[in-house]
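What follows is each chain in one-letter form.
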Amino acid sequence: GAPARGPAEFVKTPPARLNVGASVTVVAPTGQYDPQRIINLGTNRWAFKPEAALIRNLGPWMFEIYGGVWLFSDNDDYVSGQTRSQKPLTSAQFSFRRTFRPGLWISANINYYTGGRTSVGGLFNQDFQANSRAGTTLSVPLSRRNSVRIAVSNGAYTTIGADFLGLSASFQQIL
C-alpha cells in the first residue's frame, strides 16, 4: 500500500481514482443465552461477513459498489435441544456522493439483500428475505472542525422486516 502519512500530508493527498477494498466482519457467540427461551441477547453461533468494495472518484463525484455475504454457523443448542440453521444472506449496495466544497456533500444509496432463510430441526421457516432500502445523507459544515449530518432512509422493497422510515441527525467534531 501507500506509505503512512501525517494528518497535514494526508489532507493534501488527492483521492485515488479507483480504490478496491475488502473486509471481514466477525460476530462471536457472546451475550446471555438460555436454550429454554426463543428470544435471547446472544445467538449461540458465529457469523462472518466477507465484503468487497469498488470506489471510483471522478472530480467532485464518488461512486461506490459493495457486495458481501453473511455466513452463519449452526446454533446446536436451540430451544428443546434442536438445531437452528440459517442460509447465507447476500447483500449489495450502490451509492454516489457529490462534494460541493470540503465538508459540504450529499449522497444517495440503495441496497438489496436476499436469502437468510432459517430452519429449526431441519424444517424451513417462512422467513426468506428479499429487501431493499434507499436513502440520502446531507453533510453541512458549521466550521473547519464541526458539521451537522442529516440522513433519511426508507424501505424500497420488503418481504420480511426492514419496512420502516429512518431519520437521523448528528453533530460531528474533529478533535
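Please refer to the structure placed before this passage.
The following paragraphs examine the structure supplied in this document. (Residues numbered from 1 in each chain as written. Predicted model: local features only at pLDDT ≥ 70, side-chain atom pairs only at ≥ 80, totals over all residues. Heavy atoms only, no water.)

Some details on the pattern of salt bridges
The final tally for this structure, using the stated rule, is 2 salt bridges. Here Lys-49 makes a salt bridge to Glu-51, at a shortest N to O gap of 3.6 Å. (Salt bridge = Lys/Arg side-chain N within 4 Å of Asp/Glu carboxyl O.)

Observations regarding the sheet that holds strand E4 (residues 84-86)
Spatially, 3 strands are ordered E4-E7-E8 in an open sheet, and the strand pairing comes out antiparallel. In this open sheet, the two strands that pair with only one neighbour each are E4 and strand E8 (123-124). Taken together, the 2 bridges between strand E7 (residues 118-120) and E8 define a ladder with antiparallel strand orientation. The residue bridging Val-120 from the neighbouring strand is Leu-123, located in E8. (Pairing = 2+ DSSP bridges. Helix = DSSP H or I, 4+ residues; strand = E, 2+ residues; numbered from the N terminus.)

So, the side chain of Thr-118
With respect to the secondary-structure elements, Thr-118 resides in strand E7. Side chain to side chain, Thr-118 and Asn-125 meet in a polar contact 2.8 Å long. In this structure, Thr-118 is in contact with Arg-84, Ser-85, Gln-86, Leu-123, Phe-124, Asn-125 and Asp-127, ignoring residues within four places of it in sequence. (Polar contact = N/O pair within 3.5 Å; in protein donor to acceptor, adjacent residues only side chain to side chain. Contact = heavy atoms within 4.5 Å.)

Remarks on unusual backbone geometry
Phi is positive for Asn-44, close to 55°, though the residue is something other than glycine. Positionally, Asn-44 belongs in the loop between strand E1 (18-27) and strand E2 (47-58). Assessed through its relative accessible area of 27%, Asn-44 is described here as partly exposed. The phi torsion at Ser-80 lies on the positive side, around 60°, for a residue other than glycine. In this fold, Ser-80 is placed in the loop between strand E3 (61-72) and E4. What makes Ser-80 exposed here is its relative accessible area of 63%. (Buried < 20%, exposed > 50% of the residue type's maximum accessible area, 1.4 Å probe, protein only.)

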